[in-house]
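Structure at a glance
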Amino acid sequence: MEGLAWCISISAMFASLWVLLYLWKNQGTGPNRKLPPGSMGLPVLGETLAYYLHFTRLSPDNILSEYRARYGNIFKTHLFGSPAIVSMDPEVNRFILNNEGKLFQCHWVKTSTHMLGKWSLHNIHGEMHKNVYGMLVNFTKSDRLKEHFLGDMDEYARFILSEWKNHEVLVNLEAKRYTIYLASKHLLGFPIGKDTDAVAEYYLQIFHGMVTLPIPLPGTQYTKGLKARQKMSELICRAIEDRKHHPEAHRVDFLSKLVSQTDRVYSTEQMTDFILHLLFAGHETSGSNLALAIKYLTDTPQALEQLRAEHDSIRRQKKPGERLSWEDYRNMTFSQDVVNESLRLTSIAAAIFRKAMEDVEIKGFTFPKGWRILVATRAAHMNESFFPDPFTFNPWRWKVQTF
């Protein structure tokens, strides 16, 4: 009798496991839905680990090429705890991004919310997002670029380069130090010094905490990232309180604009998260692209020689120590080609996350409501039909490239 009960228990357990596996593999299916091909991976984990390993090792092309060969340009998967659809189709990607706030909304992985806050710009929608975005656009309009940004970029580049003399440097870290110095100056009003060095240190930890598994154990990258976020939040909060208690001080940074708003008042927590997000956006993407641009130029002597000739020509027309002008910038035509090619080849934002707000039919497939959508922008940049020999750094292609 006991043997029979044991057999029934084992059979029930296997039957339950089979049902759970079936439900896992068939998430989102229905009579009027046609999901893209693909795999949901392992229960609970999905295919997160495979994506994490490839993206953190800067080899996203490998896994995307493998999945494209297996399933095509659109496929289903399970990432970071949610069912997802990955799109490498340029037309589909354009449709998704053009329907922001209508059929799709911004939706990043949970770790990004843990690190940047619930009020970060990729978590807010509607009127609040529109208002903050509008402020940011006005803050970065061309007059300000001419009057403040360009001169500071010149000054900070000279400062960073002066510290490179007679010793080796890690270009990736130095490039990010340069961009975080600039971001700290224009978002928080911090001059180069103790505070900007602290911001650079905190954001390195925050980034590593964002692109790892959320394991809340002592010593993990996730836990270190959360601690760095707390310290960074305290730094921003002190800056907010300083502006509230000394409104007469003339400041031109973005945080001062936020604090001094009269038509819409934001809480300290909201303003902290706004700044955390903007610092992250300006620090990680720009810094990484700058470092890789230096590598591409080092590996392409002809491009480096032409770029140097363009800048030498501009420098010969200026007095010693004279800052760059807007006219100098406009004359950097080959420099712009180098920037475009670096952005194409690097694609630091290799993917953009969105969430379907309702069931959406695209090219015969259903994008189910609530599913995460991974818009793989890098895949279009590596498409041979758009860019011949796509893995080669070729800034001259932009002389004739049209889109």
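Look at helix α9 (residues 194-210) against helix α10 (residues 221-245): their axes get within 7 Å of each other, and the N-to-C directions meet at 145°. Of the two possible hands of crossing, α9 and α10 adopt the one that is left-handed. Residue-level inspection shows Asp195, Val199, Tyr202, Tyr203, Gln205, Ile206, His208 and Gly209 of α9 in contact with α10, the latter providing Gln221, Tyr222, Lys224, Gly225, Ala228, Arg229, Lys231, Met232 and Leu235.

Let's shift gears to the pairing of strand β1 (residues 74-79). Most of β1 is tucked away, with 6 of its 6 residues classed as buried. Burial along β1 is two-sided: Ile74, Lys76 and His78 facing one way and Phe75, Thr77 and Leu79 facing the other are all buried. Note: β1 against strand β2 (residues 82-87), 6 bridges, orientation antiparallel. Bridge assignment links threonine 77 to a residue of β2, and that residue is alanine 84. Connecting the antiparallel pair β1 and β2 is a turn made up of 2 residues, with phenylalanine 80 showing a positive phi of about 50°.

Time to look at the sheet that holds strand β3 (residues 104-106). Strand order across the open sheet formed by 5 strands is β1-β2-β7-β4-β3, with mixed pairing between neighbours. Strand pairing shows two members of the sheet lacking a second neighbour, β1 and β3, which therefore form its edges. With strand direction ignored, the average angle separating the axes of adjacent strands in the sheet is 35°. Judged from the 3 bridges that link them, β3 and strand β4 (residues 352-356) form a sheet pairing that is antiparallel. Opposite phenylalanine 104, over in β4, you have alanine 356 as the bridge partner.

This next bit is on the pairing of β2. A large share of β2 lies buried, amounting to 6 of its 6 residues. A two-sided burial pattern is seen for β2, the buried positions comprising Ser82, Ala84 and Val86 on one face and Pro83, Ile85 and Ser87 on the other. Of the strand pairs in this sheet, β2 and strand β7 (residues 372-375) are connected by 4 bridges, and their pairing is parallel. Looking across to β7, one finds that valine 86 is bridged to leucine 374.

Bringing the pattern of salt bridges into the picture now. A side chain with one charge can pair with a side chain of the opposite charge if their charged atoms come near. Tallied over the full model, the rule gives 20 salt bridges. Across the salt bridge formed by aspartate 328 and lysine 318, the nearest N and O atoms sit 2.7 Å from each other. With aspartate 328 in helix α14 (residues 326-330) and lysine 318 in the loop between α13 (301-315) and α14, the pair connects residues that are 10 residues apart, well separated along the chain. Note on accessibility: aspartate 328 and lysine 318 belong to one class, buried. Put simply, glutamate 341 and arginine 344 hold a salt bridge, and the shortest N to O gap is 2.9 Å. Residue glutamate 341 and its partner arginine 344 are located together in helix α15 (residues 333-346), separated by 3 residues, close to a single helical turn.

This part covers the nonpolar core. Leu188, Met232, Phe254 and Leu279 are the most contacted members of the largest nonpolar core, which has 46 residues in total. Residue assignment for this core shows that the elements contributing at least two residues are α5 (110-116), α6 (126-139), α7 (142-162), α8 (171-188), α9, α10, α11 (254-259) and α12 (268-299). Counting residues per element, this core draws most heavily on α9, which supplies 8 residues. Excluding its chain neighbours within four sequence positions, the residues that come into contact with leucine 188 are Ala183, Met232, Ile236, Ala239, Arg243, Asp253, Leu255, Ile275 and Leu279.

To continue, consider the layout of surface pockets. The volume enclosed by the second largest pocket comes to roughly 340 Å³. Lining the second largest pocket are 14 residues, and of these Pro90, Arg94, Ala380, His381 and Phe386 lie nearest its centre. Those elements that place two or more of their residues in the lining of the second largest pocket are α4 (90-98), α15 and α16 (377-381). No other element matches α4, which puts 4 residues into the lining of the second largest pocket. Here the lining of the second largest pocket is built from residues that sort into 8 nonpolar, 4 polar and 2 charged.

The rules we used
- Residues numbered from 1 in each chain as written.
- Predicted model: local features only at pLDDT ≥ 70, side-chain atom pairs only at ≥ 80, totals over all residues.
- Heavy atoms only, no water.
- Axes fitted to C-alpha atoms, helices over the stretch in contact; angles between N-to-C directions.
- Helix = DSSP H or I, 4+ residues; strand = E, 2+ residues; numbered from the N terminus.
- Left-handed = near helix turned anticlockwise from the far one by under 90°.
- Contact = heavy atoms within 4.5 Å.
- Buried < 20%, exposed > 50% of the residue type's maximum accessible area, 1.4 Å probe, protein only.
- Pairing = 2+ DSSP bridges.
- Salt bridge = Lys/Arg side-chain N within 4 Å of Asp/Glu carboxyl O.
- Core = buried A, V, L, I, M, F, W, Y, C linked by side-chain atoms within 4.5 Å.
- 1 Å grid on protein atoms, 1.4 Å probe; cavity = no way out; pocket = protein on both sides within 12 Å on 5 of 7 lines; lining within 4 Å.
- Points joined across faces, edges and corners; volume = space filled by probe spheres on them.
- Nonpolar A, V, L, I, M, F, W, Y, C, P; charged D, E, K, R; others polar.

Everything listed here is a matter of coordinates, which is why it stays silent on function.
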